[in-house]
Each structure stands twice: as structure tokens, then as C-alpha cells.
Amino acid sequence: MKNWFSMAETLRIFVASILFCLLVALINFLHKVWWMPRRIQHVFFSQGIKGPPPRFLHGNTIEISEMRQNFMNRKVQLSHDIFRTLQPHIYLWTKIYGKNFLHWPGARAELVVSEPELIKELLYDNEQSFCRSDVDRHLKKILGKGILTSDGEKWLKLRKLSSQAFHAESLRHMIPAMIESVELMLGRWKNYEGMEIDASEEFRVLTAEVISRTACGSSYLEGQDIFQMLRKLVVLSSKNSYKTKLPIISSVFKDRYDLEADKLEKRARDSVLEMVKKRQKEISSREDFLGLHLKAHSASDRNSKITVQEIIDQCKTFYSAGQTTASILLSWTILLLAIHTDWQEKAREEVFELFGQQPPNPEGISRLKTMSMIINESLRLYPPSVYIQRKAKKGAKLGKLILPTNTNVHVPILAIHHDPKLWGKDAHIFNPERFLSGVAAATKNNPAAFLPFSLGPRTCVGANFATLEAKISLSMILQRYTFTLSPNYVHSPVQILSLRPQHGVQVVIRPR
Ligand code: HEM
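Definitions and limits used
- Residues numbered from 1 in each chain as written.
- Predicted model: local features only at pLDDT ≥ 70, side-chain atom pairs only at ≥ 80, totals over all residues.
- Heavy atoms only, no water.
- Near = heavy atom within 4 Å.
- Polar contact = N/O pair within 3.5 Å; in protein donor to acceptor, adjacent residues only side chain to side chain.
- Helix = DSSP H or I, 4+ residues; strand = E, 2+ residues; numbered from the N terminus.
- Nonpolar A, V, L, I, M, F, W, Y, C, P; charged D, E, K, R; others polar.
- Salt bridge = Lys/Arg side-chain N within 4 Å of Asp/Glu carboxyl O.
- Donors = N, O, S within 2.8 Å, 3.2 Å for Na, K, Ca; no water.
- Phe/Tyr/Trp six-rings, centres within 6.5 Å; stacked < 30°, edge-to-face > 60°.
- 1 Å grid on protein atoms, 1.4 Å probe; cavity = no way out; pocket = protein on both sides within 12 Å on 5 of 7 lines; lining within 4 Å.
- Points joined across faces, edges and corners; volume = space filled by probe spheres on them.

### Brief notes about the site of the ligand
Right, on to step 1. Neighbouring the ligand are 25 residues; Trp-155, Arg-159, Arg-390, Ser-454 and Cys-460 lie closest to it.
Right, on to step 2. The side chain of Arg-132 places a nitrogen or oxygen atom 3.1 Å from an oxygen atom of the ligand.
Right, on to step 3. Within the side chain of Arg-390, an N or O atom sits 2.8 Å from an oxygen atom of the ligand.
Right, on to step 4. Among the secondary structure elements, those contributing two or more residues to the shell around the ligand are helix H7 (152–165), helix H14 (308–339), strand S5 (387–392) and helix H21 (463–480).
Right, on to step 5. At five residues, the largest contribution of residues to the shell around the ligand is made by H14.
Right, on to step 6. Residues of the shell around the ligand, tallied by class, amount to 16 nonpolar, five polar and four charged.

So this is what it looks like as C-alpha cells:
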């Protein structure tokens, strides 16, 4: 009997403990999904920042997905007025709530800022008030703990290494490898003269070849597996970007996307590791991106030393960042030149004046003025990166606003580049002429009006590399071919992390 009582007592304590744990978990859950959003909204409302009301559990994810889906399914005219169709939620909510507004694209509040003064303050902040925002868990599998996801001392160490690999003198040495890679592509084009090619597919391979050769002394074929896995991870990440994720639960239970992402990450990691090991076996003093990272790995000074895992994450980051964005820039620029054949002709004249039939040389490249104007206008209308994000640290202030800890801050690059108040009534028109007297004049000395590569300490480390690659590729294409838009081209810009031509860019190439 006594035994039975003690068993019943134990059971009672056990059940009570479980109920207590469940109650704590429920309170914790409600605090996160119900109380916190209301409190954060109140903090912003009291400072004059409004926004769409978040729904319980979903925030604004449902509205955002519906609006985007609605526009994605429509047939789009061949117009460069793409902001309202690509980011209809930002377009609509800016109109309703103003240039700075609060929304909930997931579990966390996000302050969208379009006011130039606030953007400058945010991007020039030296980690006093803001740090990198957390990235989606699938994207994290690409970037790991590389430069794009780190802060503080670690970021500084990786930033120094990356800048060294892509500074002006190193870029000069990369020109022959870039020219060889373009030659390889143009060799393939010989089979398609007078016919249609998908330029974006060609540029995907070209830019992969260029980053493999210049950064790692490898080739596209050797790194093919890495690029393929990284591409699949980007698609997975994008599929999940506007899905409701329940706090706690989604971090404990893996769905089928998570399992697939794990497999892809492992394959990408193994391939990079193989490439690193191969290079370690070589007796080489090459000071390219990989060479510099391997040197840092064997450094005795603890402050500069990096781990093998950091090398792997850096390689994945640069293979991904260095290839995707550069290939997208080339794709949109070819599209614009295929439509605006007068500018194609102007660019060609300049190329022949500077290089004749010869391959591009460093002096000539630095004097490609018309081409720079065209590239800037392409980056303005179709910025490969459509936004920049930061996360508020404790006690963060932006202008007069006081931000709750962990609020994300979002700079909508696409919206800014298409804003008629900043760029005039012809903001949606392709007009490279606006960059005739340089970027400062085009933006009326407002650096926050043109942000393709961001601003401040975290500005793109590969900006000069990407523009050099674009100038060399376009010069060599213009020397050999004229091109027009194929009737099969369907204008369908889409945001799959970056702003891409969804169905490629089909052009007909004719030898000159
Ligand atoms: C047209 C081509 C490119 C565009 C539009 C672009 C855009 C950007 C933007 C907007 C950022 C800033 C993000 C921020 O402020 O949070 C960034 C950062 C970065 N980009 Fe690029 N990028 C391009 C090409 C490249 C290339 C070719 C590489 C590498 C070879 C590269 C490597 C990086 C890295 C490593 C960062 C992080 C810098 C840091 O956090 O310190 N990018 N890029």
C-alpha cells in the first residue's frame, strides 16, 4: 500500500513537472509570438514609425507572399519599371506608411529605411550600434562563418585577407586569366554564329571559370560540383524566405528542405576541402585568394591565423558571391545593349578606339568611359543585390529613433535606384548619359542614392573585380559580335536572393 502511495506520489510529481515545463514553454512561446511583437510595435509607433499590422504567428509573411505571387504570375512588359512588380509590398507600404516603416517578413521585426541620412548613418556605422543580421539557415550553409556572416575581430581578419587578394595590383595580374576565360567562351560561340544563345547561361560558366582561375588557380570544371551545390542551396534558401517559421519548433525539427540542405552542404564542403588539400600539396607560392588564406592558416601569430573551416567557408562565400552577382551584372547589361543598339554601337566604337582588334589592356580598361556609364546604369536599373540588412545591437540609435535590440534594418536598394525623387521622371528609363560626369554628379553628391555595392566599412570587397571582369568580357564580345534580342526572350526579373532574369537572356549573335 505504502509502495503504491509512493508510486502515485512520484507519478504526480512527474506529471506536475511536465505540466510546469509545458506551461513555461507556452509562456515563453506566447512571449515571443504575441507579447514581443506588440511591444516592439508600440515602441516604433510611439516614435512615429508605422507599418502593416502583423498577424499572430505569421507576421506579414502571408501578405508578402501573396503580393509577390500575384505579380510573378503576370506577364510582364519589356519595361525597366520593375520595382513595383518585384517588391510590391515595399512599394505599397512605402506609399501608405512613408519612407521608413516597420514590417514583419518573418519572426523578427524589420525596419525599412529609405531616407538617405539614415542609410548613411547605418552603413557607415562601425559596429557601434549595428552588426550583420542573421542569415537564413540554408544560406548559412553556403556562407558558414566566412566574412559575410562575421563581425568584430574575426571579420577584420577575414576582411584584410580578402582585400589583399582583390586590391588594385592583384587585379592587374588577373587580367590575362580573365581574357583567357572570355576567349574560351567566345570559342564556344563560334558554333552559334547567326543563332540564338542564352547569354545568362554563358555568363554563368564564364564567371565561374574566372573566379576559379583568379581566386584559387583552379578551373570551372574542377569546381563544378561546388558551384552546383551552392546554386541548389540558394534556390532552397529562396523557397523558404517568406515561409512562416515557428520560433523554437523550427529550430528543433528539420523539414525535408533542411535535410536536403544538409546533404548539399556536405558535398560542397567535401569538394572545397579536396581543392584545398590539392593546393596544399603543390609547392606553390602563388599569392592569390586561396594562397593568401593558406599562408594565414600556417601563420604563427594568433591574431592572423585562420582555421581550415574558415578557409572552407571563405572559399564557399567567394565562389558564390564572386560568381552569381558578376554573371547577373553581365546578363542584364547584355540585355540592355541588345535592346538599346545605339548604346551598343557607342560602346563598340570606344572599344575599337582603345584596343582595336587587340585584347583589352590595363591602361585602356581604365579609360573605358562609355562602358562605365553603361555598367553603372545597368547596376542602377537591375542591381544584382536588391537590399542590404543590418541588426540593431543593444541601445542602438538611428537618427532620432531608438531601436529595440535585434530589430533588423533593411535598406531597399531596388526602391532607391528606381525612386523618381532621386533619379528624376526618367528613373525607369535606360539612360547611361546620366553618369556622364561620374557617380557623384549623377547622384547630386548623395552617396545613399546609388548603392549597388553598398557603402562604408562593409562595402563589397569584389566591386572592382566584378567591374573589371564585366569591362573585359563586354569589350571582347563587342569586338567580335553584334547582338540583338531574340523574339524568344521573356522579360521576367525574379528575386532568387539576387535579382536574376528568370528565363535567361536569349540574344542572336552575328560576327562583325
Ligand atoms: C556586380 C557584382 C556585385 C554586386 C552587385 C555586389 C554587391 C554587394 C553588396 C551590396 C555587398 C554589401 C553587403 C552589405 O553591406 O551588407 C557586398 C558585399 C560583399 N561582396 Fe559583393 N557584389 C558583387 C560582386 C562581388 C564579387 C565578384 C565578389 C568576390 C570576388 C564579392 C564579394 C563580396 C564580399 C566578400 C562581401 C562582404 C564584405 C564584408 O562583409 O566585409 N562581391 N557585395
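### Observations regarding the pattern of salt bridges
Right, on to step 1. Taken as a whole and assessed by the stated rule, the structure comprises 26 salt bridges.
Right, on to step 2. In this structure, Arg-172 engages Glu-363 in a salt bridge whose closest nitrogen and oxygen atoms are separated by 3.3 Å. Here the residue Arg-172 occupies a position in helix H8 (residues 168–189), and Glu-363 occupies one in helix H16 (residues 362–366), the gap between them amounting to 191 residues.
Right, on to step 3. In this structure, the salt-bridge partner of Arg-267 is Asp-225, at a minimum N-O distance of 3.2 Å.

### Side note on the coordination of the iron atom of the ligand
Right, on to step 1. Among protein residues, the single donor to the iron atom of the ligand is Cys-460 (SG), with a metal-donor distance of 2.3 Å.
Right, on to step 2. On the secondary structure map, Cys-460 appears in the loop between helix H20 (439–442) and H21.

### What to know about the packing of aromatic side chains
Right, on to step 1. Tallied over the full model, the rule gives twelve aromatic pairs.
Right, on to step 2. Note on Phe-166 and Phe-289: the rings are 6.1 Å apart at their centroids and 45° apart in plane angle, and the pair reads as tilted. Of this pair, Phe-166 sits in the loop between H7 and H8 while Phe-289 sits in helix H13 (residues 289–297); the two residues are 123 residues apart in sequence, bridging distant segments of the chain.
Right, on to step 3. Ring geometry for Trp-423 and Phe-435: centres 5.9 Å apart, planes at 45°, overall tilted. Taken together, the positions of Trp-423 in helix H19 (residues 420–423) and Phe-435 in the loop between H19 and H20 put the pair twelve residues apart, joining distant regions of the chain.

### Here's the deal with empty space enclosed by the protein
Right, on to step 1. Under the criterion given, the structure shown has two cavities of 30 Å³ or more.
Right, on to step 2. Within this model, the second largest cavity holds a volume of roughly 70 Å³.
Right, on to step 3. Every element with two or more residues in the lining of the second largest cavity is listed here: helix H10 (220–239) and H14.
Right, on to step 4. Here the residues of the lining of the second largest cavity sort into four nonpolar, three polar and two charged.

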